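Breakdown of the fold
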There are 2 protein chains.
Amino acid sequence: MAIRIGILGYGNLGRGVELAVSKNDDMELAGIFTRRDPSTVKTQFEGTSVRSAKELEDGKADDIGVLVICGGSATDLPKQTPHYAQWYNVIDSFDTHAHIPEHFAAVNAAARGAGKTALISCGWDPGLFSINRLYGNAFLPDGADYTFWGRGISQGHSDAIRRIEGVADAKQYTIPVESALEAARSGKNPELTTREKHTRECWVVLEEGADIDRVTEEIVNMPNYFDEYDVTVNFITQKELDRDHAAMPHGGFVLRSGKTSDNASHVIEYSLKLDSNPEFTGSVLTAYARAVARLAAEGKQGAFTVFDIAPAYLMPQDGDYLRAHML
Amino acid sequence: MAIRIGILGYGNLGRGVELAVSKNDDMELAGIFTRRDPSTVKTQFEGTSVRSAKELEDGKADDIGVLVICGGSATDLPKQTPHYAQWYNVIDSFDTHAHIPEHFAAVNAAARGAGKTALISCGWDPGLFSINRLYGNAFLPDGADYTFWGRGISQGHSDAIRRIEGVADAKQYTIPVESALEAARSGKNPELTTREKHTRECWVVLEEGADIDRVTEEIVNMPNYFDEYDVTVNFITQKELDRDHAAMPHGGFVLRSGKTSDNASHVIEYSLKLDSNPEFTGSVLTAYARAVARLAAEGKQGAFTVFDIAPAYLMPQDGDYLRAHML
């Protein structure tokens, strides 16, 4: 029987999940659930049903196998994931690393209380990058970790620029420094500063009459976001921004280098080169939704993360097939 | 309480496991078990105890938590792993891909019958590369796989050369072709032939009076091993071979490229650059031995592979720690 996926929220990530479900034959879409008027939502596939988010309350949408919650980490997910875990098996992409423990605790309590299964903080970071950090530490306990992000758009940094007075719009690319990547790959476990690892490239549209020098100064000196980095600021028109910077590429690198003896060093490298951050994240969420459905079927209740999921749970085939074809 | 590791077989891989146990504080070595006279075995660490393999019979070595079986895949492991699974939790690095299903069945039957836990075919390929092939397929179901090996010594190909009449010794390096790697990284899902993906580089020591042309012909035309590849054959002295080709580097690349929509392609790349194949493989086996100990403690019986092991089982820390520090 197909796994029935519900999608809550129809922004870029929800659209990515809709695409991913279409690529997986063992799944079908129960619907997009939206807080908007369903009749106003135009989906990517003609057959996709759009339903009101109200239908989710009190567990009324009982045809859902796993609900993929596609809200934002700042304000949506801390409320939504525990709320819907009362009634549904759920998965989210909560990505505020510092608040994962409290989010886990809240979702775990809700899911356990209801006998449901939940998986939080799924995507590529947190998610696949986290798994690779863990694997690297397990296989090379005597070593050093490196994570590089980009080249890609950082939503948080783009938003920070947009909050500056006189800025109409902006996009910020995080770019790994090639020489730092090469140093990490050398296996010599170099110490790399924040400034050495990444540069930041800003594309800014000014409001009419804004002071270009003041805006530049405010960007490059912004604490935490920019002051520890080498920053390039480019001013362009809204038309240019929309034409040249509308795509959402991203990616990055996780490296672990370490020794097994005085004479033997090793380097493990994992990298992603993504044309579309939300489409890839949606695809990862969808594979893990399969694992959530399996765990639920086995009666495993409460909250989990990618660390708790054996790789085999991500694939539709059984163990015999996987051992014969993929091992 | 520390996990007590037994090592059966003290070749390069057994020595790698001995080193790896020394890097993991939650483990201790119960001993090296050998078919040789234990008094003749010189270990890497002074305190390592060397015991007779006979002590393993009938489960007499009951201080062992997990027995790491470091035999060869051709003749040792098909007998040893089911045999010792009668009495011990075991792990091996059985790497003959085509025979994994029957090895799994034999080990599974033995371990289940005895209420023991076994993990087979652990290392980097099969092992970490297998996990990455599976992850790639799960996250990008509409795509293509690429595995490249090297630069590194292939034991099987080196042995094949040594069997040729007139050859005293040989080492064979498998080398990925850079342009093929770049094609795989392009995200365009190219079809690559065997010849396009790898070259083979041979370093051969001739016996006195051997015919250099005949040996060369026999190598480059050897079916399966060399005939489908571009092969370089170099003749050197035993002294040069011992001096320049004694190390056991290896590594390789697993790539998955695929689409989430018509407009978005993605590339996932995993790579290993290893100074010492047996030391790294020993380190991977040791991390998975921890998982075997955990599964055994949970009462999970029978045979497993890396596909069945959730990442968290590889680390000594608990879920709270891993979520706070690695997710």
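Residues numbered from 1 in each chain as written. Chains lettered and ligands numbered in written order. Predicted model: local features only at pLDDT ≥ 70, side-chain atom pairs only at ≥ 80, totals over all residues. Heavy atoms only, no water.

Comments concerning the pattern of salt bridges
Put simply, the rule reads: By convention in these notes, a salt bridge is any Lys or Arg side-chain nitrogen within 4 Å of a carboxyl oxygen on Asp or Glu. Under the scheme used here, helices are H or I runs from DSSP no shorter than 4 residues and strands are E runs no shorter than 2 residues, and both carry numbers assigned from the N terminus. Relative accessibility decides the category of a residue: with a 1.4 Å probe and only protein chains considered, values under 20% of the type maximum give buried, values over 50% give exposed, and everything between is partly exposed.
Per the stated rule, a full pass over the model turns up 38 salt bridges over all chains. A salt bridge links R51 of chain B to D63 of chain B, with the nearest nitrogen and oxygen atoms 3.0 Å apart. Separated by twelve residues along the polypeptide, R51 of chain B in strand β3 (residues 50-52) and D63 of chain B in the loop between β3 and β4 (66-69) bring together distant segments of the chain. For D63 of chain B, a relative accessible area of 26% gives the class partly exposed. Between E178 of chain B and R185 of chain B there is a salt bridge, with its nearest N and O atoms 3.7 Å apart. What makes R185 of chain B buried here is its relative accessible area of 16%. Connected through salt bridges with shared partners, the residues R4, E28, R51, E55 and D63 of chain A form a single ionic network.

With respect to the relation of the copies chain A and chain B
Our working definition: A least-squares superposition brings the copies together, and it is based on the C-alpha atoms of residues with pLDDT no lower than 70 in both.
Between chain A and chain B, which share one sequence, the superposing operator has a rotation angle of 180 degrees and an axial displacement of 0.0 Å; the RMSD is 0.1 Å. Here the two chains are linked by the operation of a two-fold rotation axis. Nearest to the rotation axis, the C-alpha of A310 of chain A is located 1.9 Å from it, this being the minimum over chain A.

Observations regarding the side chain of S283 of chain A
Applicable threshold: The contact criterion used is simple: two residues touch if any of their non-hydrogen atoms lie within 4.5 Å.
Topologically, S283 of chain A is positioned in helix α10 (residues 277-297). What makes S283 of chain A buried here is its relative accessible area of 4%. Apart from the residues within four sequence positions on either side, S283 of chain A is in contact with A20 of chain A together with F139, P141 and T260 of chain B.

Regarding the sheet that holds strand β10 (residues 198-206) of chain B
All names here are of chain B. What counts is decided by this rule: In this scheme, strands are said to pair when DSSP sees at least two bridges between them. Under this scheme, a helix contributes an axis fitted over its contacting stretch, all axes are lines through C-alpha atoms, and angles between N-to-C directions fall in the 0 to 180 degree range.
With mixed pairing, the four strands of this open sheet are ordered in space as β8-β9-β10-β11. Edge positions in the sheet fall to β8 (152-153) and β11 (230-235), since each has one partner strand and no second. Here strand β9 (residues 167-176) runs beside β10; their pairing, made up of nine bridges, is antiparallel. Pairing of K171 across the sheet is with W203, part of β10. Each of β9, β10 and β11 is contacted by helix α8 (residues 212-220), which is oriented at about 150 degrees to β11, the strand it contacts most.

Some remarks on the interface of chain A and chain B
To be explicit about the condition: Two parts placed together each lose some accessible area under a 1.4 Å probe, and adding up what both lose gives the buried area. Under the convention adopted here, Pro, Cys and the residues Ala, Val, Leu, Ile, Met, Phe, Trp and Tyr are nonpolar, Asp, Glu, Lys and Arg are charged, and Gly plus all remaining residues are polar.
Contact residues are listed per partner, giving 63 residues for chain A and 63 residues for chain B. Between chain A and chain B, a total of about 5,500 Å² is buried, with carbon and sulfur atoms accounting for 64% of that surface. For the pair chain A and chain B, the interface holds two salt bridges. Broken down by element, the residue count for the side of chain A that touches chain B peaks at eleven residues, all from strand β13 (residues 264-274) of chain A. Grouping the constituent residues of the side of chain A that touches chain B by class yields 35 nonpolar, 16 polar and twelve charged.

Side note on the sheet that holds strand β3 (residues 50-52) of chain A
Residues and elements named next belong to chain A. Reading across from one edge, β3-β2-β1-β4-β5-β6-β14 is the order of the seven strands in this open sheet, with parallel pairing throughout. The strands lining the two open edges of the sheet, one partner per strand, are β3 and β14 (302-304). This sheet shows a mean twist of 25 degrees between the axes of neighbouring strands, independent of strand direction. Here strand β5 (residues 90-92) runs beside strand β6 (residues 117-119); their pairing, made up of two bridges, is parallel.

As for the packing of aromatic side chains
To keep things clear, this is the line we draw: Each pair of aromatic rings taken from Phe, Tyr and Trp, with Trp reduced to its six-membered ring, is defined by centres within 6.5 Å and is described as stacked if the planes are under 30 degrees apart, edge-to-face if over 60, and tilted in the remaining cases. For a lysine, the NZ atom is tested; for an arginine, the CZ atom; a charge sits over a ring if that atom is within 6 Å of the ring centre and within 35 degrees of the ring normal.
Evaluation of the coordinates by the stated rule reveals ten aromatic pairs over all chains. Taking the centre distance of 6.5 Å and the plane angle of 65 degrees together, the rings of Y84 of chain B and W87 of chain B count as edge-to-face. Both residues of the pair, Y84 of chain B and W87 of chain B, belong to the buried class. Cluster of aromatic residues (ring-pair linked, three or more members): W124, F129 and Y270 of chain A. One cation-aromatic arrangement involves R151 of chain A over Y173 of chain A; the distance from NZ or CZ to the ring centre is 4.4 Å. The ring of F104 of chain B is capped by R323 of chain A, whose NZ or CZ atom sits 3.5 Å from the centre of that ring.

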